[in-house]
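Breakdown of the fold
Given next are the chains, with one letter for each unit.
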Amino acid sequence: MLTRRQFLQKSALALAASFAGPFLLRPPAAAAGAFIPVPVYHRVGDGSDDLTIADSRFAADLRFLADNGYLTLTVASLKQHLLAGRPLPENAIFLTFDDGYLDNYAAAFPLLKTYGMTATFFIITGRLGQPGRMTASQLMEMSAAGMGIGSHTVSHRPLATLAKWENVVEMERSKACLEDLLGKEVGAVAYPYGSYNDATLAAARDAGYWAGFTVRRGYADTGGDPLALSRIPVFRNGRRLAGCL
Ligand SMILES: [Zn+2]
């Protein structure tokens, strides 16, 4: 049985989904705190591929968020909301980066510090320290500075194509690797390519993750399945973040 609040939230989501265009409807005030924007970035720098945005554009996104009163959530505050129902501040946003590229440390991290904001970085543990990727010591430095670190699995294969036991290995080994490195709990995972199925969700839950992120486009419905949260992909040739919120 849905409460009135849940009904309003579900209705808002259905309404938003019925608009098939690139626009996202901002949820009504009645649902504030239950739907949060979770942008997903990949790379910040000079590259010309669609996954890379310029430093200046990332800085402009952060300036927009600061000017409009957005508050970047830490992993801890998101966990308290998802597990304990603690209300989120108005204009909460959860910034994420996938794939663990070196420019996340070199370009995005300094800008986040400048603006007093946090983001969560989803790391492919099998590529940690490889050329072009962040190193263990860089992750430790970012974690100590208040940035969130999450799992993006060991091998970055599409999880829905893998056997059940492989889903278990991807979830457990990446989590253990990052927790050993950081000395703190890692409870959030992002599914590579947004690929997941029931075996993935079961493996994530059994491994102890409390949040799972897809690349399904939309606001994250924190009243829904916490292991299948929507995000807002940010691409070089896509809409500016300001136009998606
Ligand atoms: Zn990825």
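The following refers to the structure shown. (Residues numbered from 1 in each chain as written. Predicted model: local features only at pLDDT ≥ 70, side-chain atom pairs only at ≥ 80, totals over all residues. Heavy atoms only, no water.)

What follows concerns the packing of aromatic side chains. Overall, the coordinates contain 9 aromatic pairs when judged by the stated rule. Measuring from centroid to centroid gives 5.6 Å for phenylalanine 122 and phenylalanine 213, while their planes differ by 55 degrees, and the two rings are tilted. Taken as a pair, phenylalanine 122 in strand 8 (residues 120-123) and phenylalanine 213 in strand 11 (residues 211-217) lie far apart in primary sequence, 91 residues in all. Like phenylalanine 213, phenylalanine 122 is buried. Looking at arginine 43, its charged tip hangs above the ring of tyrosine 101, at a distance of 4.2 Å from the centre. One Lys or Arg, lysine 113, reaches over the ring of phenylalanine 109 and ends 4.1 Å from the middle of that ring. (Phe/Tyr/Trp six-rings, centres within 6.5 Å; stacked < 30°, edge-to-face > 60°. Helix = DSSP H or I, 4+ residues; strand = E, 2+ residues; numbered from the N terminus. Buried < 20%, exposed > 50% of the residue type's maximum accessible area, 1.4 Å probe, protein only. Lys NZ or Arg CZ within 6 Å of the ring centre and 35° of its normal.)

Another aspect to go through is the packing of helix 2 (residues 55-67) against helix 4 (residues 102-114). Where helix 2 contacts helix 4, the two axes come as close as 10 Å, and the packing angle between them is 25 degrees. When the axis of helix 2 is compared with that of helix 4, the two are roughly parallel. For the crossing formed where helix 2 meets helix 4, the hand is right-handed. For the pair helix 2 and helix 4, the contacting residues are Asp55, Phe58, Ala59 and Leu62 in the first and Ala107, Ala108, Leu111 and Leu112 in the second. (Axes fitted to C-alpha atoms, helices over the stretch in contact; angles between N-to-C directions. Parallel < 35°, antiparallel > 145°, perpendicular 65-115°, else oblique. Left-handed = near helix turned anticlockwise from the far one by under 90°. Contact = heavy atoms within 4.5 Å.)

Bringing the pattern of salt bridges into the picture now. Evaluation of the coordinates by the stated rule reveals 6 salt bridges. In this structure, the salt-bridge partner of glutamate 185 is lysine 79, at a minimum N-O distance of 3.2 Å. Placement of glutamate 185 in the loop between helix 6 (164-182) and strand 10 (188-190) and of lysine 79 in helix 3 (residues 75-84) is noted, with a sequence separation of 106 residues between them. Classification of glutamate 185 as partly exposed rests on a relative accessible area of 40%. A salt bridge links arginine 231 to aspartate 98, with the shortest nitrogen-to-oxygen separation between them at 2.8 Å. Here aspartate 98 lies in strand 7 (residues 96-98) and arginine 231 lies in strand 13 (residues 229-233), a separation of 133 residues in the sequence. Note on accessibility: arginine 231 and aspartate 98 belong to one class, buried. Beyond isolated ion pairs, a larger network of salt bridges with shared partners links Arg157, Glu166 and Glu170. (Salt bridge = Lys/Arg side-chain N within 4 Å of Asp/Glu carboxyl O.)

Everything listed is a geometric property; what it means functionally is a separate question.
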